[in-house]
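Below, each chain spelled out in residue letters.
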Protein chains: 2
Amino acid sequence: MKYYSPSETAERTGFSLDTLRYYERIGLLDSVHRASSGHRRFTDDDIGWLGTLSCLRNTGMPIVEMRRFAELCREGDHTMGERIALLEEHDARVSEEIAGMRDRQAYIRNKVKWYREVAAPAASASASV
Amino acid sequence: MKYYSPSETAERTGFSLDTLRYYERIGLLDSVHRASSGHRRFTDDDIGWLGTLSCLRNTGMPIVEMRRFAELCREGDHTMGERIALLEEHDARVSEEIAGMRDRQAYIRNKVKWYREVAAPAASASASV
DNA sequence: GCTTGACCTGGAGCGCGCTCCAGGTTGCAC
DNA sequence: GTGCAACCTGGAGCGCGCTCCAGGTCAAGC
């Protein structure tokens, strides 16, 4: 079985060393292997799981909910339904978030357009906001 | 000229009273009118500006950059170019953010799909992640 | 055997963006 | 004129998610 050192894992997952330790500490990573020296040894499974965590985190899932998800995963296959529910709720929130971002982006683009119209044609007399 | 009380402004903009005061304090709101009592009186312009701030904030612009933008607005029409540049850079970041969210959302949906395949057909023997 | 660097642990500290608090004033309703 | 709610100010505190630190261990190279 292939093992990865903490620094290699950090590099592969995009998490910092401290964050990897932190995630283990708070229960997002369960029972990370140790070398006889006590040094962490991450597996491909760990890397994969960290990828999932990264994805959830970067879509705005709060840590406490990721912990809940991790817990469900640890509890076994009978929690599939709950896991699906959790992810689908999150998915819905992500959709809302994206929709909101789009709307706000449109607002910003409009503002830029308006600025261009005011700014370009002539040093017009009107005030600016 | 129409004036709005702090609480009415909070209601209209979605910002809390404390946030309105905070934004004024750090220079995101400039020279808010006062009643003789010292109470703030917001104008329609203020409300509009707060809408812009809300939009920028909710698309992830950090406060320090909003301050820069506010400063440019205060400096007058000759800063139009810089304002446009700032907003367009932000717009680009928002686009990236949205694209990233979409990708991650696809990952999550895939995961759900996979869960459904594993969970539904039979209480299969394989482990879960 | 000594250095060097990657790693360990427990716990403190930090940056951001608010949010809350104490102690006081204002102004409307009764 | 007494309540009461809304507001004021300056400054402290907080929640989140890390990030840093001190003091120590381990393993490999010279």
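Nothing here was measured: the structure is a model prediction, and the numbers come from that model.

**Here we look at the nonpolar core**
And step 1. Ranked by internal contacts, the top residues of the largest apolar core, which has 31 residues, are Tyr23(B), Leu28(B), Leu53(B), Phe69(B) and Leu87(B).
And step 2. Secondary-structure elements contributing two or more residues to this core are helix H5 (80–119) of chain A together with helix H2 (17–25), helix H3 (44–58), helix H4 (63–75) and helix H5 (80–119) of chain B.
And step 3. With residues near it in sequence (within four places) discarded, Phe69(B) still touches Tyr115(A), Trp49(B), Thr52(B), Leu56(B), Arg83(B), Leu86(B) and Leu87(B).
And step 4. By size, the runner-up hydrophobic cluster in this structure holds 30 residues, among which are Phe42(A), Trp49(A), Met80(A) and Ile84(A).

**Overview of the relation of the copies chain A and chain B**
And step 1. Taken as rigid bodies, chain A and chain B are interconverted by a rotation of 180 degrees and an axial shift of 0.0 Å, the fit giving an RMSD of 0.1 Å. Taken together, the rotation and translation describe the operation of a two-fold axis. When C-alpha positions in chain A are compared against the rotation axis, the closest is assigned to Ile98(A), at 3.1 Å.
And step 2. Interface overlap between copies: 100% of the residues of chain A at the interface are likewise at the interface in chain B, consistent with a symmetric, same-surface contact.

**Digging into the packing of aromatic side chains**
Residue and element names in this part refer to chain A.
And step 1. Overall, the coordinates contain eight aromatic pairs over all chains when judged by the stated rule.
And step 2. Arranged with centres 5.8 Å apart and planes meeting at 45 degrees, the rings of tyrosine 22 and tyrosine 23 form a pair that is tilted.
And step 3. Of the residues examined, tyrosine 22 reaches a relative accessible area of 37% and is grouped as partly exposed.
And step 4. The exposure class assigned to tyrosine 23 is buried, which follows from its relative accessible area of 4%.
And step 5. Among the aromatic residues, those joined into a ring-pair cluster are Phe15, Tyr22 and Tyr23.

Conventions we followed
Residues numbered from 1 in each chain as written. Chains lettered and ligands numbered in written order. Predicted model: local features only at pLDDT ≥ 70, side-chain atom pairs only at ≥ 80, totals over all residues. Heavy atoms only, no water. Core = buried A, V, L, I, M, F, W, Y, C linked by side-chain atoms within 4.5 Å. Buried < 20%, exposed > 50% of the residue type's maximum accessible area, 1.4 Å probe, protein only. Helix = DSSP H or I, 4+ residues; strand = E, 2+ residues; numbered from the N terminus. Contact = heavy atoms within 4.5 Å. Least-squares fit on C-alpha atoms with pLDDT ≥ 70 in both. Phe/Tyr/Trp six-rings, centres within 6.5 Å; stacked < 30°, edge-to-face > 60°.

None of this, on its own, says anything about what the molecule does.
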